Amino acid sequence: MKNIIEVRNLKKTYKTHERKSGILNAIKSVFARKHRYDAALKGINFSIEPGEIVGFIGPNGAGKSTTIKILAGLLYPSDGEVQVLDFIPWKERVKYVQNIGVVFGQKIQLWWDLPPLDTFELHRDLYKIPKEKFEKRLKFMIKIMGVSKIINKPVRDLSLGERMKCQTIAALLHKPKLVFLDEPTIGLDAVAKERYREFILSTNTRFGTTFLITTHDMQDIEKLCKRIIIINDGRIVYDGPLKEIKEKYMTTKILDIKFDGRPVGFKHKGCEILKRGKYGLKVVVDLSKSKINEVIDYLIKEYEVVDINIQDTPIEEIIQRIYKEKK
Amino acid sequence: MINKYLASIRMGFKDMIVYRFHLYMSLITAPLSLLIYYYLWKSIYSYAGQAIINGFTFNALITYYAINTIIGWFVYSEVDAWFEQNIINGELIADLLIPVNLFSHYFLVHRGYSIFGLMVETIPFLFIAKLVFNIPIPGFWILMAFILALFFAVVLEFMISYIVGLTAFWLKRITGIRKARRTIVLFLAGGMLPLSFFPQWFQDISFFLPFKYIRDAVVNIWLGNYEIIGMLQIYLLQILWIGVLGYIIYLMWKRASKRFSGAGT
Ligand SMILES: Nc1ncnc2c1ncn2[C@@H]1O[C@H](COP(=O)(O)OP(=O)(O)OP(=O)(O)O)[C@@H](O)[C@H]1O
Ligand SMILES: [Mg+2]
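From a predicted model like this one, the values you see are computed outputs, not experimental measurements. (Residues numbered from 1 in each chain as written. Chains lettered and ligands numbered in written order. Predicted model: local features only at pLDDT ≥ 70, side-chain atom pairs only at ≥ 80, totals over all residues. Heavy atoms only, no water.)

**As for the environment of B:Tyr213**
Residues and elements named next belong to chain B. Mapped onto the fold, Tyr213 is located in the loop between helix H10 (200-208) and helix H11 (216-222). Judged by its relative accessible area of 1%, Tyr213 is buried. Residues Tyr213 and Ile239, 26 residues apart in the sequence, show an inter-C-alpha distance of 10.0 Å. Apart from residues lying up to four places away in sequence, Tyr213 is in contact with Ala153, Leu156, Ser206, Phe207, Val218, Ile234, Leu237 and Gln238. (Helix = DSSP H or I, 4+ residues; strand = E, 2+ residues; numbered from the N terminus. Buried < 20%, exposed > 50% of the residue type's maximum accessible area, 1.4 Å probe, protein only. Contact = heavy atoms within 4.5 Å.)

**Describing the sheet that holds strand E10 (residues 252-259) of chain A**
All names here are of chain A. Sheet architecture is open: four strands sit in the order E11-E12-E10-E13, paired in antiparallel fashion. Each of the sheet's edge strands pairs with one partner strand only, and the pair in question is strand E11 (271-276) and strand E13 (305-312). Neighbour-to-neighbour, the strand axes of the sheet open up by a mean angle of 25°, direction not taken into account. Pairing analysis gives seven bridges linking E10 to E13, with the strands arranged antiparallel. Bridged to Leu255 within E13 is Ile310. (Pairing = 2+ DSSP bridges. Axes fitted to C-alpha atoms, helices over the stretch in contact; angles between N-to-C directions.)

**Section: helix H9 (residues 242-249) of chain A**
All names here are of chain A. Within H9, the full set of buried residues consists of Leu242, Ile245 and Tyr249. Summarising the axial view, the buried residues of H9 lie within an arc of 65°, below the 170-degree limit, and thus occupy one face. For H9, the exposed residues set more than 90 degrees away from the buried face come down to Lys243, Glu247 and Lys248. (Arc of directions from axis to C-beta.)

**Things to note about the pairing of strand E6 (residues 178-182) of chain A**
Residue and element names in this part refer to chain A. Burial of E6 is extensive: five of the five residues sit out of reach of the surface. Alternating positions in E6 separate into two faces, Leu178, Phe180 and Asp182 on one and Val179 and Leu181 on the other, with burial throughout. Direction of pairing for strand E5 (residues 100-104) relative to E6: parallel, over a ladder of five bridges. Counted as the bridge partner of Gly101 is Val179 from E6. In terms of strand pairing, E6 meets strand E7 (residues 210-214) through five bridges, oriented parallel. Within E7, the position partnered with Val179 by the bridge is Phe211.

**A word on the site of ligand 1**
Around ligand 1 sit 16 residues in total, of which A:Gly61, A:Lys64, A:Ser65, A:Thr66 and A:His216 are the nearest. Residues lining ligand 1 come from chains A and B. One of the side-chain N or O atoms of A:Glu183 is found 3.2 Å from an oxygen atom in ligand 1. Burial of ligand 1 by the protein amounts to 75% of the accessible area it has alone, namely 640 Å². Mapped onto the shell around ligand 1, the elements with two or more residues apiece are strand E1 (5-18) and helix H2 (64-71) of chain A. Here the element with the most residues in the shell around ligand 1 is H2(A); it accounts for three residues. (Near = heavy atom within 4 Å. Polar contact = N/O pair within 3.5 Å; in protein donor to acceptor, adjacent residues only side chain to side chain. Areas by Shrake-Rupley, 256 points an atom, 1.4 Å probe, with all protein chains shown as cover.)

**What about the packing of aromatic side chains?**
Residue and element names in this part refer to chain B. Using the criterion set out here, one finds 41 aromatic pairs over all chains in the structure. Relative to Tyr39, the ring of Tyr38 lies with its centre 5.3 Å away and its plane at 85°, an arrangement referred to as edge-to-face. A relative accessible area of 22% places Tyr38 in the partly exposed class. Classification of Tyr39 as exposed rests on a relative accessible area of 52%. Ring centres of Phe152 and Tyr235 lie 6.2 Å apart, and the angle between their planes is 65°; this geometry places the pair in the edge-to-face category. Of this pair, Phe152 sits in helix H7 (residues 140-166) while Tyr235 sits in helix H12 (residues 228-259), and the two are 83 residues apart along the sequence. (Phe/Tyr/Trp six-rings, centres within 6.5 Å; stacked < 30°, edge-to-face > 60°.)

**Considering the pattern of salt bridges**
All names here are of chain A. Overall, the coordinates contain 23 salt bridges over all chains when judged by the stated rule. With a closest N to O distance of 3.3 Å, Asp38 and Arg36 form a salt bridge. A residue is classified by how much of its surface remains accessible, and Arg36, at 40% relative accessible area, is partly exposed. When salt bridges that share partners are traced, they join Lys193, Glu194, Arg197, Asp217, Asp220 and Lys223 into one network. (Salt bridge = Lys/Arg side-chain N within 4 Å of Asp/Glu carboxyl O.)

**Some thoughts on the pairing of E11(A)**
All names here are of chain A. The pairing of E11 with strand E12 (residues 280-286) spans five bridges and is antiparallel. When the sheet's bridge partners are listed, Cys271 is paired in E12 with Val285. The hairpin formed by E11 and E12 contains three residues between the paired strands.

**Considerations on the nonpolar core**
Counting residues in hydrophobic clusters, the biggest one holds 180 residues, and the most contacted among them are A:Ile5, A:Phe180 and B:Phe83. Take this core: its biggest share by element is 16 residues, from H7(B). With residues up to four places along the chain from it excluded, the contact list for B:Phe83 reads B:Leu92, B:Leu102, B:Tyr106, B:Tyr162, B:Gly165, B:Leu166, B:Ala168 and B:Phe169. Residues A:Ile257, A:Phe259, A:Phe266 and A:Tyr298 belong to the second largest nonpolar core, which totals 12 residues. (Core = buried A, V, L, I, M, F, W, Y, C linked by side-chain atoms within 4.5 Å.)

**What about the sheet that holds E7(A)?**
Residues and elements named next belong to chain A. The six strands are arranged E5-E6-E7-E3-E8-E9 in an open sheet whose pairing can be described as mixed. Strands with a single pairing partner mark the edges of an open sheet, and in this sheet they are E5 and strand E9 (235-241). Neighbouring strand axes in the sheet, compared pairwise and without regard to direction, differ in orientation by 15° on average. The pairing of strand E3 (residues 53-57) with strand E8 (residues 227-232) spans four bridges and is parallel. Of the residues in E8, the one forming a bridge with Val54 is Arg227. Lying over the sheet, H2 contacts E3, E5, E6, E7 and E8, oriented at roughly 150° with respect to E6. Strand contacts of helix H6 (residues 160-172): E5 and E6, with the helix running at about 165° to E5, the strand carrying the most contacts.

Structure follows, in structure tokens:
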């Protein structure tokens, strides 16, 4: 199938002004500005097919938002080629953005002093959405996001999570073929996150909408994406099925256990103690040697357990391991 | 098609409703400052012992200030402040993601402000000015001629503040420039004193600059100081300057959008 996104050797270098702290340096910088070049993207390649949900992950400052901004036509790249939906994003902006939806979790994309409904109606007219379609779709989205009570409240009075839900509605009202989500679940509570993911999945299956999602929440990735692209320091270090990464690297889980009393003599196959507290233990479980429920069974049988918390290996750790292997 | 433009105007209108109290305040302050001008110039006229100073009768001068106030409300633009803010915090992104030309969107939102201002400021103020200060209201055709010139004036002031706003792509913080722009344009446009009060050389230069066509010339149409030829000349110069400033905006935008870095996250 023809690709919906095609990225070739994409590079982006930011030019910033160097300024050291202190008054004297501030005055100096007025007269002689020192430029500084930061390479945020160092030549990345990937392509995405229509209908995919791709997770775009990596540590802070890796270049995720930069990539999305370029793909959304907001930034000019320093080098390389990009083709999205037969457009070169940063050319013909007005025509291009008609076809995409973008949510920046960290940015305010709604009219600050007005209720979200006003922004929705603005989008209805700007994207030329027929009235009946608009009403129907809005009703559906309001219901699934659970925001019926807040769409008449000024945006400045909304909580972060409420704003995020409304921002997503605004970005998807016109049924774009392609959607970029940059940390969309930031600020959402657990229930809202679950609903949000369901919404994305149903949009994807019902309309074949393509999604490119960045997030620091591994749950988002696990629930939504079959494929992930991992970026680190402006370079892509992995592009492929999530399953592969999981089988290869997510072979451990971390158990955080609290006991009623001192845990004496804890020992189990495949377990390694990370941290020992007075009434608690932090344990890494190697899943290839021991199943997680075996460990829990053992714990409950042998000890008075108050609480168990199971965590995945943090994505940052996985990236580091991939990175090391590449070298 | 037309809906698309009305949508931007509607947003400006609604946005202003939020700030309506601010506008109500100007309904108190505007007549008050007119009152101050009234007494100030009354004493100047009686001191000078002349009925006409620099071509202005006392009543014409008060009218000049009153109409200037109204023009000020119409041409009011904060687009330069929007650029400064949106570039620094990166929220310009939101406006670049909607399928609308940025200039026309911002312009139309401002027209939403104008329409709201027309209702809560201009019309009540004209009423007061007519009753209290005996401001003359011109006949139909002069009024139409005034409105046309006012429209071009609105575009001109908007373009100037748009250009100032675009400099934020290079300079980031432009609070100083913005404030200076406001005062300088107000002064050169004849917003503080009619241009005929200035030396001849100053008036000669003003003729070739865009500022006069934002206020002085427009008020003088209201006052009936121009024949048809004079009005056509004003329109011509207004349109000419709109073309020049529009071209500058076009060139600046081409470079500015390449510089935009979408700061933050
Ligand atoms: N406007 C800018 N000017 C200068 N440097 C920038 C700018 N935006 C980003 N950078 C730099 O580019 C690099 C990549 O930033 P980017 O925002 O793409 O990271 P990210 O992967 O989205 O990180 P995060 O997970 O923290 O959101 C960082 O080192 C950052 O400091
Ligand atoms: Mg980011």
